[in-house]
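Structural characterization, general
Chain residues, written in single-letter form:
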Amino acid sequence: MESMGKKKPRPRRSFTPEVKAEIVELCRRGDRSVGRIAKDFDLTETAVRLWVSQAEVDAGERDGLTSSEREELAALRRENRRLREDVEVLKRATAFFAKETR
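Right, let's walk through the structure included here.

About the cut-offs
- Residues numbered from 1 in each chain as written.
- Predicted model: local features only at pLDDT ≥ 70, side-chain atom pairs only at ≥ 80, totals over all residues.
- Heavy atoms only, no water.
- Helix = DSSP H or I, 4+ residues; strand = E, 2+ residues; numbered from the N terminus.
- Buried < 20%, exposed > 50% of the residue type's maximum accessible area, 1.4 Å probe, protein only.
- Core = buried A, V, L, I, M, F, W, Y, C linked by side-chain atoms within 4.5 Å.
- Phe/Tyr/Trp six-rings, centres within 6.5 Å; stacked < 30°, edge-to-face > 60°.

Moving on to unusual backbone geometry. Peptide bonds are trans in most cases, and residues, glycine excluded, mostly fall at negative phi. Residues other than glycine seldom take positive phi values, yet Asp42 does so here, at roughly 55°. Along the polypeptide, Asp42 turns up in the loop between helix 2 (34–40) and helix 3 (45–58). What makes Asp42 partly exposed here is its relative accessible area of 44%.

Structure, rendered in structure tokens:
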């Protein structure tokens, strides 16, 4: 009874920038709706709408972070997290060696 009405989640897929650009171009043409295009290519409508929105940001048609800015932000956050971890290790080492010298 538990499985009734519940769909299995889709496996996560990744798409090349070229494929995304092609889908966005189809949406911009206006021949078909975003929902129709998503269905035709077995994509979620939400994903297609996000791609279109991001393409508008990258083209300067809409406010927001461009793709390159998003990549840079992600890299800076990773580096920040790594540096914070390094500082924690150094704090522990300092405390350890301060105890040893007494």
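If you look at the biggest cluster of nonpolar residues, it comprises 11 residues: Ile23, Val24, Leu26, Cys27, Val34, Ile37, Ala38, Leu43, Val48, Trp51 and Val52. Elements represented by at least two residues in this core include exactly helix 1 (17–29), helix 2 and helix 3. Broken down by element, the residue count for this core peaks at 4 residues, all from helix 1.

So, about the packing of aromatic side chains. Two numbers describe a pair of aromatic rings. These are the distance of the centres and the angle of the planes. Enumeration according to the criterion identifies 2 aromatic pairs in this entry. Aromatic pair Phe15 and Trp51: ring centres 5.4 Å apart, planes at 70°, arrangement edge-to-face. With Phe15 in the segment before helix 1 and Trp51 in helix 3, this pair connects stretches of sequence that are 36 residues apart. Here the aromatic rings of Phe96 and Phe97 are separated by 5.2 Å at their centres, their planes lie at 75°, and the arrangement is edge-to-face. Its relative accessible area of 44% is what places Phe96 among the partly exposed residues.

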